Amino acid sequence: MKPVFQRLKEKFGNAILEVSEGSAKEWHVLAARDSILRIAECLIEVFGMRFLFLSGSDTRKENKSFTLHYVFSYAHQDQFLVVQTRIEEKNPHFPSLAHFLPQANWHEREIQDLLGLVAAGHPDPRRLVLHEDWPQGLFPLRKDFGSPKKIPRTAGHYAFERVEGEGIFEIPVGPVHAGTIEPGHFRFSAAGESILKLEIRHFYTHKGTEKSGEGKAPEHLLCLAERISGDNSLAHAVACVQALENLGQIEVPPRAQFLRVVFLEMERLHNHMSDIAGIALDVAFGFGASQLMRVKETLLRLNEQLTGTRLLRSVVILGGVRQDISEARREWLIKEIKKIKDDFDKTIQILWQVDSLMDRIETTGTIRKEVAEVLGGVGPVARASGIDRDLRRDHPYAAYKDLFFRVPVFTEGDVESRMKVRVQEVYESFKLIYDALHAMPQGPLCGAVKPLASSQSALGYAEASRGECFHWISTDGRGKISRWKIQSPSFSNWPLIEYAVLENIVPDFPLINKSMNLSYSGNDR
Amino acid sequence: MFRILKKNMKTGKVTLPYAELTAKVPEGFLGAPEIDPAKCTGCGQCVTACPAGALTVKDSQSGNKRSFCLFYGSCIFCGLCGQACPHQAISFNGKFKLASRTKKELNRELFFPLPECRKDAAFISDGALPSEEKTGNEQGFTQGNFTDRILTEETGLKLRARIKDLFGRSLHIREVDAGSCNGCEVEIVNLSNPVYDVERFGIHFVASPRHADMLLVTGPVTRQMELALVKTYGATPSPKLVVACGSCAISGGIFERNYAVTGGIDRSVPVDVYIPGCPPRPEAILHGIFLALDKIPAVKKD
């Protein structure tokens, strides 16, 4: 690790104000505001690090300024680098990275909306999280925001980017959609059937979850984490609990680590089932949809019998897991999983041979590797575009480092590739569950719970069925949670859809959308 | 073609009759907390454990009575209260048929003589307990800015009586997500899977509110979805029913009323039936829809 710190110091000299080793796998660097852009460039281009997310917090009480945290992954050494910089209130500007790092676009706009810091030189400084009827000058993540009972709705205007010319028309869709899905707005500009431009406008389900988490007891924070994105309840809970466990230096016993893997893979299974079923449904192939939705129901019922809840809520607790899988239950579960695998296998064999399905999904909604990379795509969407990236392997957590599994990667980047990635991941999940159940050692389910360290911050993460999900938690001087940043895979992947649909026809949009299956609530929080 | 046929025949019939669906749930399902009045001492430990403010305690001014309330409309079925209870008075037995026409029916109240409560070593005084009150007694329909744009509660009630005759068996539902976590959506989509197959009851999910008889609304109503919800309600032709699905939709659930959340559907549009759960299991949603239609008699309070 020394070389990274040393080389940064050599290169940037006085711009690097402080270096330290944080908890677990984190390195911290405090840098001068004006050199952030050069440091980020160097980290990405010289060290081969990957930008993950940007979090901002109001630390005026502690150090009279706001703090920004740029989090990078250094996968070669299974480490994370957190670059911090301080922004003074009287000059609330920070340099925008969006020109060089388009991925930072939404992150910086979110900070503008919620914290009131200005991204200087941002190419698109419009509102993102808060809609146009939110009053000017009110920033909910600031500590002096308080909890006003009533916030007036003001007149405002949101300007969509327009495509102009003869025969171009706009199709507004949402926020209330035709299917049973979450709310969001899509603005298509089309010429005939072809989509020339899509602009997405989300954050209709913004619930101020991060703000609500401040000051919460850890076990209550977990309940809230389970409700960030309902179908990824467990992945968010695991990411959150790992951050809390890092903060409290809580040891999780090995049996609990293996059980977490079993439950996490159960969650991946039921999500992938409905995603593949959704693709079949959107091409009007009812057989595939109903067979796989039936399999999903079987899985949800298994979850229920194992844990008491269908969506695997209240399973993970601070220090371990709540439910054990007994010896008898283990044999039963292995049998059930085998049956489901056989069932899934037969249906999938049929799906690949149906022309009406294959015709619709081949070459539809293509995302090129460069686009996915530059916009920071994650999860199955990135893996379908040739990006070999999976937190379970690159930054192993729970018991993943003790288990062998493959990370399926396809290169076409179309709906078919995304479906193939999911199908292969389903097989890997079956195997992981099987192996984890066999390798699971005896022992306690929960470690000793300790209070959270004060004035610290820690990262927790999990590879959800949609991709990587990070929770970043900071505590104040009394060990209370002072900031909770949630980076969901949907927040990373939504901007990609604007590229995936280009030159496709409007009727293929639902199919492309389904193949990426992004959560609105996870994105909006 | 033949392989599809073969697979379908091998799968057989998986749809379960309604009676069988609701008679028993898979073994292990936690369901809603139930409080045993014989064991409960009113100490208040569970109140501090609850992440959603579903449990409240209030001591009378005179200092001799303590009222304790469990409001299913905020409960997220997490089980933390059961673990916190020093007297094992809270159990989870898979109870889920909780839908009701009024929020009040979702309260479970117990009263204790305060001096007796104090004798319990685990006693916590109400001053030390979280103060935000969330029960079914609070007045709904208070914060919507759009009152001039929607019908009143009374009209809704009158219409409901006629709907049973008007719709007969068929019911068209428009689902509206007013900011849910998508847990409720998962279960609503599951209603159409082969096991539940709601189409057999003549229930269809439709693409537009203009085709709908009923709005099935989820989520705590975010500030940014409030107008869309009210507009959707306005676009639904009368007579219409509104069902609040999930604890968020009833009271905001675990989501506090904050800058982004208004806290419950009935603050924006009138509601006919409330379905507790986080999320409610598909059987519970079906039960709530049937209750809204008067297809089944209201469940007696136990």
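Preceding block: the structure.
All of these numbers come straight from a predicted model, not from anything done at the bench.

### Observations regarding the overall build of chain A
- Secondary structure summary: chain A contains 18 helices and 15 strands in total.
- Its C-alpha radius of gyration of 23 Å places chain A within 12% of the 24 Å reference for a compact globule of 525 residues.
- In terms of overall dimensions, chain A has a C-alpha envelope of 70 × 65 × 50 Å along the principal axes.
- A buried classification covers 66% of the 525 residues belonging to chain A.
- In chain A, of all internal contacts separated by at least 6 residues, the share reaching a separation of at least 24 is 68%.
- A total accessible area of about 18500 Å² is found for chain A, and carbon and sulfur atoms account for 51% of it.

### With respect to the overall build of chain B
- Secondary structure summary: chain B contains ten helices and ten strands in total.
- Within the span of chain B, comprising 302 residues, buried residues form 60% of the whole.
- Carbon together with sulfur atoms contributes 54% to the accessible area of chain B, which is approximately 12300 Å² in total.

### Some details on the pairing of strand E3 (residues 65–71) of chain B
All names here are of chain B.
- Across the seven residues of E3, five count as buried, placing the element largely inside the fold.
- Sheet analysis places strand E2 (residues 55–59) next to E3, joined by five bridges and oriented antiparallel. Considered in E3, the bridge of Leu55 is made with Leu70.
- Here E2 hands over to E3 after five residues, with Gly63 in that stretch at a positive phi of 85°.
- The sheet contact formed by E3 and strand E5 (residues 107–113) spans seven bridges and is antiparallel.

### A short note on the interface of chain A and chain B
- On the side of chain B, 69 residues touch chain A, which itself brings 71 residues to the contact.
- Both sides together, the interface formed by chain A and chain B hides about 5500 Å², and carbon and sulfur atoms give 55% of it.
- Taken as a group, Arg153, Thr180 and Lys207 of chain A account for 12% of the area that chain A buries against chain B, more than any other trio of residues on that side.
- Between the two partners, chain A and chain B, sit six salt bridges.
- Ionic pairing is found between Asp133 of chain A and Arg223 of chain B, a salt bridge with its closest N-O pair at 3.9 Å.
- For the interface between chain A and chain B, the tally reads 39 residue pairs in polar contact (both at pLDDT 80 or more).
- Taken together, the elements giving at least two residues each to the side of chain A that touches chain B come down to helix H5 (209–213), helix H6 (218–225), helix H9 (286–307) and helix H10 (327–351) of chain A.

### Concerning the environment of Leu312 of chain A
Residue and element names in this part refer to chain A.
- Turning to its location among the elements, Leu312 is positioned in the loop between H9 and strand E11 (316–317).
- Leu312 gets classed as buried once you look at its relative accessible area, which sits at 0%.
- Sequence separation of Leu312 and Ala217 is 95 residues, and the distance between their C-alpha atoms is 21 Å.
- The residues touching Leu312, leaving out its near neighbours within four places in the chain, are Leu234, Phe263, Met266, Glu267, Asn303 and Thr307.

### Considering the sheet that holds strand E13 (residues 457–464) of chain A
Residues and elements named next belong to chain A.
- Pairing in this open sheet of three strands is antiparallel, and the strands run E13-E14-E15 from one edge to the other. The two strands at the open ends of the sheet, each matched to only one other strand, are E13 and strand E15 (481–487). Between one strand and the next, the sheet's axes are offset by a mean angle of 15°, whatever the strand orientation.
- Here eight bridges tie E13 to strand E14 (residues 467–475), and the two strands are oriented antiparallel to one another. Bridge assignment links Gly460 to a residue of E14, and that residue is His471.
- Each of E14 and E15 touches H6; the most contacted strand, E15, lies at about 25° to it.

### With respect to the side chain of Lys485 of chain A
All names here are of chain A.
- The topology assignment puts Lys485 in strand E15.
- Judged by its relative accessible area of 0%, Lys485 falls in the buried class.
- Here the side chain of Lys485 touches Glu110 through a polar contact of 2.9 Å, side chain to side chain.
- Beyond its immediate stretch of four places on either side in the chain, Lys485 contacts Phe53, Leu54, Ser55, Glu110, Glu210, Phe470, His471, Trp472 and Arg525.

### Concerning the packing of H10 of chain A against helix H1 (residues 2–11) of chain B
- Where H10 of chain A meets H1 of chain B, the axes come as close as 10 Å, and the angle between the chain directions of the two elements is 155°. Viewed along their axes, H10 of chain A and H1 of chain B adopt a mutual orientation that is roughly antiparallel. H1 of chain B is crossed by H10 of chain A, and the crossing has left-handed handedness. Taking contact as the criterion, the partners of Asp343, Lys346, Thr347, Gln349 and Ile350 of chain A in H10 of chain A are, on H1 of chain B, Arg3, Ile4, Lys7 and Lys10 of chain B.
- By residue class, the composition of the contact of H10 of chain A with H1 of chain B is two nonpolar, two polar and five charged.

Cut-offs applied
Residues numbered from 1 in each chain as written. Chains lettered and ligands numbered in written order. Predicted model: local features only at pLDDT ≥ 70, side-chain atom pairs only at ≥ 80, totals over all residues. Heavy atoms only, no water. Helix = DSSP H or I, 4+ residues; strand = E, 2+ residues; numbered from the N terminus. Rg over C-alpha atoms; globule rule 2.2 N^0.38 Å. Buried < 20%, exposed > 50% of the residue type's maximum accessible area, 1.4 Å probe, protein only. Contact = heavy atoms within 4.5 Å. Areas by Shrake-Rupley, 256 points an atom, 1.4 Å probe, with all protein chains shown as cover. Pairing = 2+ DSSP bridges. Buried area = accessible area lost by both parts, 1.4 Å probe. Salt bridge = Lys/Arg side-chain N within 4 Å of Asp/Glu carboxyl O. Polar contact = N/O pair within 3.5 Å; in protein donor to acceptor, adjacent residues only side chain to side chain. Axes fitted to C-alpha atoms, helices over the stretch in contact; angles between N-to-C directions. Parallel < 35°, antiparallel > 145°, perpendicular 65-115°, else oblique. Left-handed = near helix turned anticlockwise from the far one by under 90°. Nonpolar A, V, L, I, M, F, W, Y, C, P; charged D, E, K, R; others polar.

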